[in-house]
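Inside the fold
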Amino acid sequence: MTTRLVLDTVALAGETPDVQQPWADLGLKDDEYSQIRAILGRRPSSSELAMYSVMWSEHCSYKSSKVHLRRFGESLTDAMRQRLLVGIGENAGVVDVGDGLAVTFKIESHNHPSYVEPYQGAATGVGGIVRDILAMGARPVALLDSLRVGPLDAVDTRRVLPGVVAGVGGYGNCLGLPNVGGEVVFDPSYAGNPLVNALCVGVLRHDEVHLAKASGAGNRVLLYGAATGGDGIGGVSVLASETFEAAHRPAKRPSVQVGDPFMEKLLIECTLELFNGQLITGIQDLGGAGLSCATSELASSGGSGMRIQLDLVPLRDTSLTPEEILMSESQERMMAIVEPQQVQPFLAVCDRWGVEATDIGEVTDSGRLVIDWQGQRIVDVPPGSVAHDGPVYERPLCRPAAHDALASDSAERLSRPGGGAELRATVLALAASPNLCDRSWVTDQYDRYVQGNTVLAQPEDAGVIRIDEGSGRGVAVSTDCNARFVQLDPYAGAQLALAEAYRNVAVSGARPIAVTDCLNFGSPEDPGVMWQFAEAVRGLADGCRELEIPVTGGNVSFYNQTGDTAILPTPVVGVLGVIDDVRRRTPIGFTGPGCAVYLLGETRDELSGSEWAVVVHDHLGGHPPAVDLAAERALADVMVAAAAERLLSSAHDLSEGGLAQALVESCLRRGVGVGIALPGLDPLVALFSESTSRALVSLPTTQEVRLAELCSEHGVPSTRLGETVGIGGAAEIDVAALFNLPLDELRAAWSTTLPSALDNA
Amino acid sequence: MRVGVVTFPGSLDDVDARRAVRLAGADAVPLWHGTDELAGVDAVVLPGGFSYGDYLRCGAIARFSPVMGAVTSAARRGMPVLGICNGFQILCESNLLPGALVRNDSRRFVCRDQGLRIENTATAWTSAYTLREEVTLVLKNGEGGYVANAATLQRLEDEGRVVARYLGDNPNGSMREIAGICNERGNVVGLMPHPEHAVNDLCGPGTDGSRFFTSVLSAVVAA
Amino acid sequence: MPRVVVDVMPKADLLDPQGKAVYGALSRLGLGGVRGVRQGKRFELDLEGQLSEDRLVDLHRVAETLLSNPVIEDFVVRVEQP
Amino acid sequence: MPRVVVDVMPKADLLDPQGKAVYGALSRLGLGGVRGVRQGKRFELDLEGQLSEDRLVDLHRVAETLLSNPVIEDFVVRVEQP
Ligand SMILES: Nc1ncnc2c1ncn2[C@@H]1O[C@H](COP(=O)(O)OP(=O)(O)O)[C@@H](O)[C@H]1O
Ligand SMILES: [Mg+2]
């Protein structure tokens, strides 16, 4: 057994100002350390140092991004505020969806942990975002996962991707949350830097919103859920080693966290029952920075003080030091503020669910966060200084010199295939390419049916969930980002990501109302990366303002890079929409022969950054497709109106792979063929251009007149391409005068790519 | 007519099973794992999910819960019991049905719309189907491979106790493509696929699953 | 502090997809001369106090009813640190 | 025919949800005096021919890379029937 030599207390810190502290090893800069000393008027105790170092880290303090993220709040208009019940700054934003119902949703990254241990990294990423949603007072109802990994044929991708998928599925399936969407993208820049972004949606009534606030002196602080172990605190062992006799140093603590989805499921049901019984006045999940974060944020937001008796925290590993307990990222824990007379009923509910709960302290009106350990004071700080007054940096930013060359190297000048045979082969090659092929190897590992409210899930454009069985009210969610476009132009690229997610939601028949974002970038210390970041945030904020939908919350993940090479800048955008009656949603697949097929929107010669350019020419350069958010809104108006009138049999947005890929997916969904004539453009452009604000729709011929009216009313160009023809494997995509492609052949190409690369990997 | 739906810690499809029972026209009665009271129900559904996390073996810990004591004796007296997915695993672990369910041969969780052939319409839960009818339900499991020794398999076949078989590619390595079986009396049925996810056109692959729940209504009325 | 180990292995005549997968991977990793692989579970139980005959009987019962399923698995109970 | 056993256990510092679940079930089954349970994997590899030093080195490599995940697990290789 290790014996602790010295407990570094607040008193001791006052008496020994000159003790050398390992602030640099904890990631603090010297001016940050001086700032802490200034705040406290003495050196911090080792526990205080632990808390500040983790709370002032990039991950928790947003020190590099804060000045930019302000734009989201500053660009809010009254129209955007209308539905916003809770905005940026809480665990997740909350929006009104009508009938007294509200929806909360947020996306978060768990990138690096998923590289180190793909299964557990992804699993605990899901667990973390679900607790954020739960902490708002909501019942979690759906998950989406947005994944980016290295090339499909890279050896490490076969370690990372199957592990991540099994982890997302293993955790989400066990929670009983339907997985209704996401992305799987392959690109060399993500080798060694996979992105695992998980989005959770929750539903609550307006009066059920809970906030992370500790108020009311005398209220109790309850920690409940899993016991605390040495998870994810590899970094703090430097502190432990300071206070342990060298020979008795504990082994280096693991830096990975292991998830227990069963515990989380109990935590969800238990917490919902606690909300229901009105037994909670404030609540916070324990995620990054664990108890340091939960205690300081609760106390600071409540404008109160808090006294915690740290030795009451139930431990899985009794050798943990107080510093380690404060920083442990053990999963499946929550902290609640409870009125004294409610503590007994609170404990009874926890007991019923088999969830351990412990009263570890109280809310005070001292304005200080104080923490005691075995009768000695080890922390005495102003909670706001830990939670909110971290350093803020205006990092230098600079448009990289190479950017001009990249922008001028446009794909429109690449050689184009000539005749029908070559176009046919290109359609097949794109359909079979890793970024466009069938995703079911991944999505079949996710339960999309549980809870019985899933109206649309993969491979539809948006996940659609019914949230009220009586009225049929539902929400639609989609996450998107074409990072190549962001690389070519971060401002426009971020807007294109927004536009795509917005369009996916609208095409399913839902009205887009809110945004969440996960900004995955390289190092903020690289001025080029910082320029990308600033431009992307500016683009997103401006775009949201034009579309009149607010950003309600999100997450920033920096340092996704290997050496000096950053990932493609990847601001993943999640858009949430509302649909009054989910029976009126529009699916992507052609439903049967004899329907008219239309292309809505305008197609331009826009091939830079496209799948065609990458797959056929391995080329990235030029300007991304033009952003036209007004056209995007007009298209959405048509799609939402058409869905409400039940005009359409199917609707599918055009994005990666252009019209060709939209046809492939609409045909293969139910095995229905199509006969079309391309409009009078260069056929390559007609098939593969990735111009925005477009959708492929099919409808009974009796409805064509009404569709034409709607389109002209909103100024959306529409082109009749042809009709659906035939059903089954022998049905074809028949492009007049150019080629025909039997669905059987197409399906074989489209569906074998992932299994043949990943099975028995 | 009252149909109990048990909730174990970690049950997930209990909500769906209750909805399916209601849509069939019966009262859905929630039953809690920790009591040995069956609240006067006429039949019991053990729903899907990951009871106790399914960490040890699926269904291995749920078997020892108080409610399973009551379900086991009621089943032995003839009460209709349907175990779906995790419920099927619990029935096997409880020795109410023979054999066991092991890890899918793909070693992956699989969720997909699955064709089945109904091969026994004499059970309490399948009387509303026609023999050899082909239906589509949702299959979603990580450990759905049915195994039993040769003698048990032979006996199941001889006695016509294979209730449903997978059509097309075997999704999980189940012996003889077995998707569901029943006990000798036909009151206890275990089924890997999920009929409760196929009870309306909107949120699942059609309505082929409804008749599991209407079947039991007539079974109870007839009894 | 006595430690009891319970090894639970899939029955020899049953399909063991996990063992089979490991077997396949071994040859791809260039480890030849393997006739077969089976994958089972290992439980380590750390006990308080002394190990008596009675407790070992209890442990056997638990190994048989909870830790293994006799339809598909065999088990062995071993005392590691008596 | 030599048999090599590889025991893979979750690292002591890490949460072991499986062992925790068994631990909870044990007390419900009336088996008292258990301080902790951990659940891991046991691999039995049946080999052809003789066990040489070289093959044992290979087996260690396989145990480390394929059979266990060093980030979260520890392993032990044992020769059962030399
Ligand atoms: N990219 C972003 N866009 C908008 N809001 C953001 C973004 N990144 C972080 N936020 C918001 O800042 C707050 C703090 O973020 P975070 O630390 O991730 O929350 P939590 O502690 O709940 O995980 C949250 O309200 C979050 O929604
Ligand atoms: Mg949070």
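The model shown is predicted, which means the values in this text are computed figures rather than measured ones.

Reading the values: rules and limits
Residues numbered from 1 in each chain as written. Chains lettered and ligands numbered in written order. Predicted model: local features only at pLDDT ≥ 70, side-chain atom pairs only at ≥ 80, totals over all residues. Heavy atoms only, no water. Helix = DSSP H or I, 4+ residues; strand = E, 2+ residues; numbered from the N terminus. Buried < 20%, exposed > 50% of the residue type's maximum accessible area, 1.4 Å probe, protein only. Contact = heavy atoms within 4.5 Å. Buried area = accessible area lost by both parts, 1.4 Å probe. Salt bridge = Lys/Arg side-chain N within 4 Å of Asp/Glu carboxyl O. Polar contact = N/O pair within 3.5 Å; in protein donor to acceptor, adjacent residues only side chain to side chain. Expected span 1.5 Å × (residues − 1). Least-squares fit on C-alpha atoms with pLDDT ≥ 70 in both. Donors = N, O, S within 2.8 Å, 3.2 Å for Na, K, Ca; no water. Pairing = 2+ DSSP bridges. Axes fitted to C-alpha atoms, helices over the stretch in contact; angles between N-to-C directions. Parallel < 35°, antiparallel > 145°, perpendicular 65-115°, else oblique. Left-handed = near helix turned anticlockwise from the far one by under 90°. Near = heavy atom within 4 Å. Areas by Shrake-Rupley, 256 points an atom, 1.4 Å probe, with all protein chains shown as cover.

When helices and strands are counted, chain A shows 27 helices and 28 strands. C-alpha extents for chain A along the principal axes are approximately 90 × 55 × 50 Å. Per-residue burial over chain A gives 64% buried out of 761 residues. Long-range pairs, those at least 24 residues apart, make up 85% of the contacts in chain A between residues at least 6 apart in sequence.

Turning our attention to the interface of chain D and chain C. With 34 residues of chain D in contact, the opposing surface of chain C contributes 33 residues. Counting each side, the surface lost to burial between chain D and chain C is near 2,900 Å², with a carbon and sulfur contribution of 63%. Summed over the three residues of chain D that lose the most area to chain C, namely Leu 31, Arg 35 and Arg 42 of chain D, the buried surface amounts to 19% of that side. Our enumeration of links across chain D and chain C arrives at two salt bridges.

The next thing to look at is the interface of chain B and chain A. Across the boundary between the two partners, chain B contributes 27 residues, which contact 31 residues of chain A. In total, chain B and chain A occlude about 2,400 Å² of area from one another, counting both sides; carbon and sulfur atoms represent 58% of this. Joining chain B to chain A, the criterion identifies three salt bridges. The partner of Arg 19 of chain B in a salt bridge is Glu 469 of chain A, and the shortest N-O contact between them spans 3.1 Å. Counting across the interface, chain B meets chain A through 10 residue pairs in polar contact (both at pLDDT 80 or more).

With that settled, the discussion passes to helix α1 (residues 17-28) of chain C. All names here are of chain C. Taking 1.5 Å per residue as the helical rise, α1 with its 12 residues ought to reach 16 Å, and the 17 Å between its terminal C-alpha atoms agrees with that figure. Within α1, the full set of buried residues consists of Pro 17, Gly 19, Ala 21, Val 22, Ala 25 and Leu 26. The positive-phi residue at the C-terminal boundary of α1 is Gly 30, with phi of around 80 degrees.

A few words on the relation of the copies chain D and chain C. With an RMSD of 0.2 Å, the operation that places chain D on chain C is a rotation of 180 degrees combined with a shift of 0.0 Å along the axis. Each copy turns onto its partner about a two-fold axis. In terms of C-alpha distance to the rotation axis, chain D has Lys 41 of chain D as its closest residue, with the C-alpha 2.2 Å off the axis. An overlap of 97% is found between the interface residues of chain D and their copies at the interface of chain C, pointing to a shared contact surface.

With that settled, the discussion passes to unusual backbone geometry. Residues and elements named next belong to chain A. The peptide bond linking Gln 458 to Pro 459 adopts the cis configuration, its omega dihedral lying at 0 degrees. Mapped onto the secondary structure, Pro 459 falls in the loop between β14 (454-456) and β15 (463-466). Non-glycine residue Tyr 62 carries a positive phi angle of around 55 degrees. Under the relative-accessibility criterion, Tyr 62 is labelled partly exposed at 21%. Even without a glycine there, the phi angle at Gln 451 is positive, about 80 degrees. Following the sequence through the fold, Gln 451 ends up in the loop between α18 (440-443) and β14.

Residues and elements named next belong to chain A. Summarising the metal site, the magnesium ion (ligand 2) is bound by the protein donors Asn 91 (OD1), Asp 132 (OD) and Asp 285 (OD), whose distances to it range over 1.9 to 2.7 Å. Read in sequence order, the donor residues for the magnesium ion (ligand 2) give the motif N-x40-D-x152-D. Taken together, the residues Asn 91 in the loop between β1 (84-86) and β2 (93-98) and Asp 285 in strand β8 (residues 282-285) connect sequence positions 194 residues apart.

A few words on the sheet that holds strand β6 (residues 110-118) of chain B. All names here are of chain B. Taken in spatial order, the nine strands make up an open sheet running β2-β1-β3-β4-β11-β10-β9-β6-β7, and their pairing is mixed. Strand pairing shows two members of the sheet lacking a second neighbour, β2 (27-32) and β7 (134-141), which therefore form its edges. When the angles between neighbouring strand axes are averaged without regard to direction, this sheet yields 25 degrees. In terms of strand pairing, strand β4 (residues 81-84) meets strand β11 (residues 188-191) through four bridges, oriented parallel. If you follow Ile 84 over to β11, its bridge partner there is Leu 191.

Another aspect to go through is the pairing of strand β16 (residues 474-480) of chain A. Residues and elements named next belong to chain A. Most of β16 sits out of view: seven of its seven residues are buried. With burial as the criterion, each face of β16 is covered, one bearing Gly 474, Ala 476, Ser 478 and Asp 480 and the other bearing Val 475, Val 477 and Thr 479. Inspection of the sheet shows β15 paired to β16 by four bridges, in the antiparallel sense. Across the sheet, Val 464 pairs through a bridge with Ala 476, a residue of β16. When β16 meets strand β21 (residues 570-579), the two strands line up antiparallel, connected through seven bridges.

All names here are of chain A. Where helix α20 (residues 490-507) contacts helix α21 (residues 527-547), the axes come no closer than 7 Å and their chain directions differ by 45 degrees. In terms of axis orientation, α20 runs oblique to α21. Handedness of the α20/α21 crossing: right-handed. Mapping the contact onto sequence places Pro 490, Tyr 491, Ala 494, Gln 495, Leu 498 and Tyr 502 in α20 and Trp 531, Gln 532, Glu 535, Ala 536, Arg 538, Gly 539, Leu 540, Asp 542, Gly 543, Cys 544 and Leu 547 in α21.

What the rule picks out here adds up to 77 salt bridges over all chains. One salt bridge connects Asp 8 of chain A with Arg 43 of chain A, and the closest N-O pair in it is separated by 2.9 Å. Remark: Arg 43 of chain A occurs in the loop between α2 (30-40) and α3 (46-55) and Asp 8 of chain A occurs in the segment before α1 (10-15); sequence separation between them is 35 residues. For the pair Asp 8 of chain A and Arg 43 of chain A, one class covers both residues: buried. Residues Asp 46 of chain D and Arg 3 of chain D are paired through a salt bridge, measuring 2.9 Å at the closest nitrogen-oxygen approach. In this pair, Asp 46 of chain D sits in strand β2 (residues 34-47) while Arg 3 of chain D sits in strand β1 (residues 3-10), placing the two residues 43 residues apart along the sequence.

Next up on the list: the sheet that holds β15 of chain A. Residues and elements named next belong to chain A. As summarised here, the arrangement of the six strands in space is β14-β15-β16-β21-β17-β18, forming an open sheet in which the pairing is mixed. The strands lining the two open edges of the sheet, one partner per strand, are β14 and β18 (551-557). For this sheet, the mean angle separating the axes of adjacent strands, direction not counted, is 20 degrees.

Residues and elements named next belong to chain A. Taken together, 17 residues lie near ligand 1, and Tyr 62, Gly 89, Glu 90, Asp 517 and Gly 554 sit nearest. Between an oxygen atom of ligand 1 and a side-chain N or O atom of Asn 91, the distance comes to 2.9 Å. Notes on ligand 1: free accessible area 550 Å², of which the protein chains cover 85%. Counting only elements with at least two residues in the shell around ligand 1, the list comes to α5 (66-74), β3 (101-109), β17 (511-520) and β18. No other element matches β18, which puts five residues into the shell around ligand 1.

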